[in-house]
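Descriptive analysis of the structure
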Amino acid sequence: MKTLSVVLLTCCLLPVRPAAAEEYDLLIKGGRVVDGTGAPWVRADVAVKGDRIVAVRPRIDAPARRTIDAAGRAVAPGFIDVHTHARRGIFEVPTADNYVRQGVTTLVEGQDGSSPLPLGPFLSKVEALRPAVNFASLVGHGSVREAVMGRADRAPSAAELARMEGLVREAMREGAFGLSTGLFYVPGTFARTGEVIALARVAGVRGGIHVSHVRDEAAGVVASVRETIAIGEEGRLPTQVTHHKAIGRAAWGRSAETLQLLEEARRRGVDATVDAYPYTASSTGLAAALLPAWALEGSADARRGRLESPATRARVREVVMGKIRNERGGGDPGNIRIAACGFDSSLEGKTLAGILVGRGLAPTVENATDLALEIVERGGASGVFHAISEEDVERILASPLTMVASDGEIPVFGEGAPHP
């Protein structure tokens, strides 16, 4: 069925109101109206004036400046993409063509524990841009933690926690929709659950939500979903497992357990939900995906020094090999593809296996490990990692707790080889 997506301001059609004898700016005739509430579609005409839907009736015969014959098509509010990284590209491509052409008209940013700080000036800059989409943002726990504590692997002092609470409170006043956590990433991974609950409560008091890139999407995925539920339950706010997945063969099938945990939480009153994308790969920085968190603590000099130490590099190398074999690499260097590489764009779109073969080297896990460390040392790159089961993707998408999100950005077409 062809789809025509129409939205001008909100995610839902406004209530039907009596027609006025006036000219409309837009009249959409004869479509199957799907209003976003879950109700069955109805055949109706939709009238728009200015930036508002002002009438939805079986038949509207008033004049309009523009009329669209939507017979045989669906007429729906624009889709909300609840997990994006759209601050990458919004200022370069404010028309956000890749989203608008798919009917997506609202983007939620500030994901995975990362957001601008302070948030207010950034949102004002976006508003002044007048982009083609509605734009919302969360405040990132990792950004808040780094602003107060740097990339330190320790618990905050009482004073530091108070400062973090203040930053979350300020961001909520400035328009944040809630708190995002990236407990997989440095520095968010160094936080204990209690720290996150304390900050989530601040967001919840102001009507915010909690959205989490969970601590471990591989072998520890069940425990990580349990932690995300606890943050919402004890923080007393809605909590969401974002871009839910089970990475690596050891985790395949465990989405049945995680979804059961979420359903049980809802039965006891926790507002727990999921978002996911329909794709059997993940995408993130090569260092974040493959290196241990302890190797990424502290300053750039500290991180560089660890890799320059033969003994420490050997420890890091063992972890990277394990992750290529058992987690993000799915046992095959051909499963890891470079998406964007600032120091050498010729690597973009190539797999670690392809790069090795191009150098005359065997595409082994050991050689791929050394190549990955080389790329990290030379400036890093983002990658796409094919290590997710189609069965888990289908199970998660079929859950009534799940909404679809892209985990995408606004690309400059022709640059890089991004997560689609």
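Residues numbered from 1 in each chain as written. Predicted model: local features only at pLDDT ≥ 70, side-chain atom pairs only at ≥ 80, totals over all residues. Heavy atoms only, no water.

1. Quick word on the overall build of the protein
In plain terms, the rule: The helix and strand labels rest on DSSP assignments: H or I over at least four residues marks a helix, E over at least two residues marks a strand, and numbering proceeds from the N terminus. Every radius of gyration here is taken over C-alpha atoms, with the globule rule written as 2.2 Å times N^0.38, N being the number of residues. Throughout, exposure labels follow a simple rule: accessible area from a 1.4 Å probe, protein chains only, divided by the maximum for the residue type, with under 20% read as buried, over 50% as exposed, and the rest as partly exposed. In short, Shrake-Rupley with a 1.4 Å probe defines the accessible areas, and a residue's cover is counted only from the protein chains shown. Counting rule applied: Lys, Arg positive; Asp, Glu negative; His and chain ends not counted. The location of each charge is read from NZ of Lys, CZ of Arg, CG of Asp or CD of Glu.
Scanning the protein from N- to C-terminus turns up 13 helices and 18 strands. A compact globule built from 420 residues should have a C-alpha radius of gyration of about 22 Å, and the protein, at 23 Å, falls within 12% of that. Counting only C-alpha atoms, the protein reaches 80 × 55 × 40 Å along its principal axes. By residue count, 49% of the 420 residues in the protein fall in the buried class. If you sum the accessible surface of the protein, you get close to 18,700 Å²; carbon and sulfur atoms cover 52% of it. Here the protein carries 49 positive and 50 negative side-chain charges, and the mean point of each set is 2 Å from the other.

2. A short note on the sheet that holds strand S7 (residues 79-81)
Put simply, the rule reads: At least two DSSP bridges between two strands are needed for those strands to be called paired. Inter-axis angles, ranging from 0 to 180 degrees, are taken between N-to-C directions of lines fitted to C-alpha atoms, where helices are fitted over the stretch in contact.
Across the sheet, three strands lie side by side as S7-S8-S9; this open sheet has parallel pairing. At either end of the open sheet lies a strand with only one pairing partner, and these are S7 and strand S9 (134-137). Along the sheet, successive strands turn relative to each other by an average axial angle of 20 degrees, direction set aside.

3. Overview of the side chain of Ser143
Counted only if it meets this: Definition of a polar contact: a pair of N or O atoms within 3.5 Å, with one able to donate and the other able to accept a hydrogen when the atoms are protein atoms, and with sequence-neighbouring residues admitted only if both atoms are side-chain atoms. Should any heavy atoms of two residues lie within 4.5 Å, those residues are counted as being in contact.
Residue placement: Ser143 occurs in helix H3 (residues 141-149). Polar side-chain contacts of Ser143 include one of 2.9 Å to the backbone nitrogen of Ser115. Those residues in contact with Ser143 that sit more than four places away from it in its chain are Gly113, Ser114, Ser115 and Leu117.

4. Looking at the nonpolar core
Heads up, the condition is: We call a set of buried residues a nonpolar core when its members are Ala, Val, Leu, Ile, Met, Phe, Trp, Tyr or Cys and they connect through side-chain atoms within 4.5 Å of each other.
Leu107, Val139, Val168, Leu179 and Ile410 are the most contacted members of the largest nonpolar core, which totals 34 residues. Elements supplying a minimum of two residues to this core: strand S8 (104-109), helix H2 (119-129), H3, helix H4 (158-173) and helix H5 (193-205). Tallying contributions element by element places H5 first for this core, with six residues. Ranked by size, the runner-up nonpolar core spans 29 residues in total, among them Phe190, Leu291, Ile336 and Leu347.

5. A closer look at the pairing of strand S4 (residues 52-57)
Remember that side chains alternate between the two faces of the sheet whenever the strand is regular. Summarising the sheet, strand S3 (residues 42-49) and S4 pair through five bridges and their orientation is antiparallel. From the neighbouring strand, Val48 faces S4, where its bridge partner is Ile53. Between S3 and S4, which follow one another and run antiparallel, lie two residues, and Gly50 among them has a positive phi close to 65 degrees.

6. Focus: the pattern of salt bridges
Between side chains of opposite charge, a pair can form when the charged atoms approach closely. Spelled out, the test is: A side-chain nitrogen of Lys or Arg and a carboxyl oxygen of Asp or Glu constitute a salt bridge if their distance falls within 4 Å.
Scanning the entire structure with this criterion turns up 25 salt bridges. Arg52 is the partner of Asp51 in a salt bridge, and the nearest nitrogen-oxygen pair spans 3.0 Å. The exposure class assigned to Arg52 is partly exposed, which follows from its relative accessible area of 36%. Between Arg101 and Asp97 there is a salt bridge, with the nearest N and O atoms lying 3.9 Å from each other. Ionic contacts of the salt-bridge type, sharing partners, join the residues Lys29, Asp45, Arg59 and Asp61 into one network.

7. Things to note about the sheet that holds strand S18 (residues 402-404)
Pairing is parallel across the open sheet formed by six strands, whose spatial order is S10-S11-S12-S13-S14-S18. Edge positions in the sheet fall to strand S10 (139-140) and S18, since each of these pairs with one other strand and no more. Relative to strand S13 (residues 239-241), strand S12 (residues 209-213) runs parallel, the two sharing three bridges. Paired with Val211 across the two strands is Gln240, which belongs to S13. Of the strands in this sheet, S13 and strand S14 (272-276) touch helix H7 (residues 255-267), which is tilted by about 145 degrees from S14.

8. Comments concerning the packing of helix H6 (residues 221-235) against H7
Keep this limit in mind: Comment on the angle field: the value is read as roughly parallel under 35 degrees, roughly antiparallel over 145, roughly perpendicular from 65 to 115, and oblique elsewhere. Helix crossings are classified by the rotation of the near helix relative to the far one: an anticlockwise turn of less than a right angle makes the crossing left-handed, while a clockwise turn makes it right-handed. Each residue receives one of three labels: charged for Asp, Glu, Lys and Arg, nonpolar for Ala, Val, Leu, Ile, Met, Phe, Trp, Tyr, Cys and Pro, and polar for the others, Gly being one of them.
Interhelical geometry of H6 versus H7 gives an angle of 20 degrees and a closest axis separation of 9 Å. Taken as axis vectors, H6 and H7 run roughly parallel relative to one another. As for the relative orientation of H6 and H7, their crossing is right-handed in sense. For the pair H6 and H7, contact is made by Val221, Val222, Val225, Arg226 and Ile229 and by Glu257, Thr258, Leu261, Leu262 and Ala265, respectively. Classifying every residue of the contact of H6 with H7 by side-chain character gives seven nonpolar, one polar and two charged.

9. Remarks on helix H12 (residues 365-377)
Defined as follows: Helix span, expected: 1.5 Å multiplied by one less than the number of residues in the helix.
The first and last C-alpha atoms of H12 sit 18 Å apart over 13 residues, in line with the 18 Å expected at 1.5 Å per residue. Taken together, the buried positions of H12 are occupied by Val365, Ala368, Thr369, Leu371, Ala372, Leu373, Ile375 and Val376. Looking at the buried side of H12, the elements it contacts are helix H8 (286-290), helix H9 (300-308), helix H10 (310-326), strand S16 (336-340) and helix H11 (352-358). A positive backbone phi angle near 135 degrees is found at Gly379, which sits one or two residues after H12.

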